[in-house]
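Take a look at the letters that make up each chain.
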Amino acid sequence: MADPLLNPRTYDPAHLDSESRRLLRATVDFFEQRGKKVLVDSYNDHTWYGDFLDFAAKSGLFAAFCTPAADGAGDPAKRWDTARNAALSEVLGFYGLGYWYTWQVTVLGLGPVWQSDNAAVRARAATLLDAGHVMAFGLSERSHGADIYSTDMLLTPDGEGGFRATGGKYYIGNGNVAGLVSVFGRRADVDGPDGYVFFAADSRHPAYHLVRNVVNAQMYVSEFRLADYPVRAEDVLHTGKAAFDAALNTVNVGKFNLCTASIGICEHAMYEAVTHAHNRVLYGRRVTDFPHVRRELTDAYARLVAMKLFSDRAVDYFRSAGPDDRRYLLFNPMTKMKVTTEGEKVVDLLWDVIAAKGFEADTYFDKAARDIRGLPKLEGTVHVNLALILKFMANYLFRPAEFPPVPTRHDPADDEFLFRQGPARGLGAIRFHDWRAAYDAHAGVPNVARFREQADGLCALLAAHAPSEEQQRDLDFLLALGQLFALVVYGQLILEQAALTGLDADLLDEIFDILVRDFSGHATELHGKAATTDAQAARSAPRPSTPTGSGTCTGPRWTRTGARSSRWSSSATSSPTATAGTRGDTRSSRSWCCAVPSGTTWPPGTGPRRSGSGRRGGKPS
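Reading the values: the criteria
- Residues numbered from 1 in each chain as written.
- Predicted model: local features only at pLDDT ≥ 70, side-chain atom pairs only at ≥ 80, totals over all residues.
- Heavy atoms only, no water.
- Helix = DSSP H or I, 4+ residues; strand = E, 2+ residues; numbered from the N terminus.
- Buried < 20%, exposed > 50% of the residue type's maximum accessible area, 1.4 Å probe, protein only.
- Areas by Shrake-Rupley, 256 points an atom, 1.4 Å probe, with all protein chains shown as cover.
- Core = buried A, V, L, I, M, F, W, Y, C linked by side-chain atoms within 4.5 Å.
- Contact = heavy atoms within 4.5 Å.
- 1 Å grid on protein atoms, 1.4 Å probe; cavity = no way out; pocket = protein on both sides within 12 Å on 5 of 7 lines; lining within 4 Å.
- Points joined across faces, edges and corners; volume = space filled by probe spheres on them.
- Nonpolar A, V, L, I, M, F, W, Y, C, P; charged D, E, K, R; others polar.
- Phe/Tyr/Trp six-rings, centres within 6.5 Å; stacked < 30°, edge-to-face > 60°.
- Lys NZ or Arg CZ within 6 Å of the ring centre and 35° of its normal.
- pLDDT = per-residue confidence, 0-100.
- Salt bridge = Lys/Arg side-chain N within 4 Å of Asp/Glu carboxyl O.
- Polar contact = N/O pair within 3.5 Å; in protein donor to acceptor, adjacent residues only side chain to side chain.
- Expected span 1.5 Å × (residues − 1).

### A word on the overall build of the protein chain
A count of helical and extended segments in the protein chain gives 20 helices and 10 strands. Going through the 621 residues of the protein chain one by one, you find that 60% of them count as buried. Accessible surface for the protein chain amounts to roughly 23,300 Å². Of this, 53% is attributable to carbon and sulfur atoms.

Set out below in structure tokens:
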């Protein structure tokens, strides 16, 4: 398997069609030509990213990636393609959350439009995209957050088939410049869900009042108010329960992008951190020669690769979804709550290595350390998404169904089902294929086998001592249980993608070394909950479920991670005075195990091993 991390020097998404590859490469080139100083200074100075939006407009980037084929006037480059959208999201996250954010809220703003039968607004949105406009999603409010049951955006009938809208929206990205804002409200004359309305507004209208930017950042996250805003009949996108479903289904489409943004941020942060650590000498040794540093960097790398494996496989389920296969509705909140929180762990591990360097204003890392925290908190908190995935647990673990295999989906197809998902209900009835199959296929990998024992233990706990009615009302208890379930799902898609990509067995074993440790930690938490019964505690009590192997960071595992410092040089990611390599080393085409930085001094007994000799084995520790 080729190096899975994004490398600006060699980036070429060869799995995509030629036009998508050209646009993605052009996006990378735009940032590389600007250079790191502009990237860093514009963030520090809160400079609006107008130059990036100019580039996106001139290149037709958002028009191509955000326009469904049905609205693309026959242009073969225009389609809603989750595979290439994920690639763009990763690239934008790599260079900065602000660039990703303006794309992300455009995706959200278009969700209610592309789900609508309103041909006039659909045509208007396509025209605005062609002209280079961005969009906004007017859902959340200051008093209610994203509690759409309680919206105070009121629409009063005007007697001519339309409405007058009055109310405020809060935390609305792109609200300062959006050509189209999808706004959620309710009719003042209709009670209950039948009164919900989604309509299209224009931020340039005189009745649209921009209040302020509510965040201290480069991005513009607006508060705006509508004061007697005229909503014509032709501006209405959805009414009644369909408006409610459009809101939830839009979030289903948009929140997937948070995982790939996290991945991009972590990749850039890892390059910068490993480069700094390898070039720094303390007490006569390179920082990357210290065993505890190697362990932290190896863990960070393995967690990051796992994030990519899970997210890439989830794309396939998104693209293969249909009315009879809605498994993506589990994997989607998993990408949001699990992958983004893993991103936080990756950055924390890297920060432990580079310490005070991570605060310096002229680095990318201090931006990453701040921005990575936001992604788990957007489009529903981790707690909300954990509670959501619990709806799938019984069917997933205990009632598997037959499904045809889901192939890798890199084909240039339009994912039109995402805009006709239908009512947002019935999650507990969704069935899944047998999760055990992926684990059985990798039973020869020691830590996969160990983790499978833990997963079987979770099933035994639930079968023998299922949560009582009282426990099912205790969200604190359920969230601890949900963390264990989430790890089983996470491991399944990692294994499926590992098989499809030929992931090195040593690296896969290292990933599951981490999952074994994480599972043990969450089991300990569940064991200690006040709501846990004695019988449940006996089942969830920590056992010697430690990973197999010696626990040292050696051989192939370390060389993959240590190679980060010598594989690339990038004008947008290296300092003004030094590139990211060492001694001019630019061995970007060499294999991981051969790309150990020259001059590395290995502690006794931890030098490179022959291929295949680094797998953990032996008796459990």
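Resuming the write-up.
### Examining the nonpolar core
By size, the foremost hydrophobic cluster in this structure holds 172 residues, and its most contacted members are Phe 52, Leu 330, Leu 397, Ile 494, Ile 511 and Phe 512. Here this core takes 16 residues from helix H17 (residues 475-501), the largest share from any one element. Filtering out sequence-adjacent residues up to four positions away, Phe 512 remains in contact with Tyr 439, Asn 447, Val 448, Phe 451, Gly 491, Ile 494 and Leu 495. By size, the runner-up hydrophobic cluster in this structure holds 19 residues, among which are Met 153, Phe 199, Phe 224 and Val 231.

### Structural notes on the layout of surface pockets
Size it by volume and the second largest pocket reaches roughly 910 Å³. Every residue lining the second largest pocket is counted, 32 residues in all, and those nearest its centre are Asp 3, Pro 4, His 15, Lys 308 and Asp 312. Elements that contribute at least two residues to the lining of the second largest pocket include exactly helix H4 (82-95), helix H8 (257-279), helix H9 (291-319) and H17. No other element matches the six residues that H9 contributes to the lining of the second largest pocket. A breakdown of the residues in the lining of the second largest pocket according to their chemical character gives 16 nonpolar, nine polar and seven charged.

### Observations concerning empty space enclosed by the protein
This structure, assessed with the given rule, holds four cavities of 30 Å³ or more. Considered as a void within the structure, the largest cavity measures approximately 100 Å³ in volume. Forming the walls of the largest cavity are 14 residues, and the residues nearest its centre are Tyr 43, Tyr 95, Gly 96, Tyr 364 and Lys 367. Mapped by element, the contributors of at least two residues to the lining of the largest cavity are helix H1 (18-44), helix H5 (97-114) and helix H11 (365-371). Here the residues of the lining of the largest cavity sort into nine nonpolar, three polar and two charged. There is about 80 Å³ of room inside the second largest cavity. Contributing to the lining of the second largest cavity are Trp 80, Thr 82, Asn 85, Ala 86, Trp 103, Val 107, Val 253, Phe 256, Asn 257, Phe 318 and Leu 418. Breaking the lining of the second largest cavity down by element, the ones donating at least two residues are H4 and H5. When residues of the lining of the second largest cavity are assigned to their parent elements, the largest contribution, three residues, is made by H4.

### Regarding the packing of aromatic side chains
Tallying each qualifying case throughout the model produces 36 aromatic pairs. Measuring from ring centre to ring centre gives 6.0 Å for Trp 351 and Phe 365, while their planes differ by 70°; the resulting arrangement is edge-to-face. Residue Trp 351 is located in helix H10 (residues 328-354), and its partner Phe 365 is located in helix H11; the two are separated by 14 residues in the primary sequence. The exposure class of Phe 365 is buried, given its relative accessible area of 1%. Aromatic rings pair up to connect Phe 30, Phe 31, Trp 48, Tyr 49, Phe 52, Phe 55, Phe 62, Phe 94, Tyr 95, Tyr 99, Trp 103 and Tyr 271 into one cluster. It is Arg 285 that lies over the ring of Phe 290; its NZ or CZ is 4.7 Å from the centre.

### Considerations on the confidence of the model for the protein chain
On average, residues of the protein chain score 88 in pLDDT, and 87% of them reach the 70 mark or higher. In this model, residues 564-569 is a region of pLDDT below 50 whose contacts with residues beyond four sequence positions or in other chains number 40 contacts.

### Focus: the pattern of salt bridges
The tally for this structure, following the rule as stated, stands at 48 salt bridges. The closest approach of N and O atoms between Asp 518 and Arg 303, which form a salt bridge, is 3.0 Å. Of this pair, Asp 518 sits in helix H18 (residues 505-527) while Arg 303 sits in helix H9, and the two are 215 residues apart along the sequence. Under the relative-accessibility criterion, Arg 303 is labelled buried at 8%.

### Thoughts on unusual backbone geometry
In the Ramachandran plot, Asn 174 falls in the positive-phi region, its phi being about 65° despite a non-glycine side chain. With respect to the helices and strands, Asn 174 occurs in the loop between strand S3 (163-173) and strand S4 (180-187).

### Re the environment of Asp 189
Topologically, Asp 189 is positioned in the loop between S4 and strand S5 (196-201). Judged by its relative accessible area of 45%, Asp 189 is partly exposed. Spatially, the C-alpha atoms of Asp 189 and Leu 154 are 9.3 Å apart, while their sequence positions differ by 35 residues. Looking at Asp 189, its side chain comes within polar contact range of the side chain of Arg 187, at 2.8 Å.

### A few points about the side chain of Arg 319
The residue Arg 319 is located in helix H9 in this model. The buried category is assigned to Arg 319, whose relative accessible area is 6%. One polar contact links the side chain of Arg 319 to the main-chain carbonyl oxygen of Ala 413, over a distance of 2.8 Å. For Arg 319, the side chain forms a polar contact with the side chain of Asp 415, separated by 3.0 Å. Residues within four places of Arg 319 in sequence aside, it is in contact with Asp 81, Thr 82, Ala 83, Arg 409, His 410, Asp 411, Pro 412, Ala 413 and Asp 415.

### Comments concerning H18
Here H18 contains 23 residues, and its C-alpha end-to-end distance of 32 Å stays within 8% of the 33 Å for a straight helix at 1.5 Å per residue. Structurally, the start of H18 carries an N-cap: the backbone nitrogen of Asp 506 is 2.9 Å from a side-chain oxygen of Asp 504.

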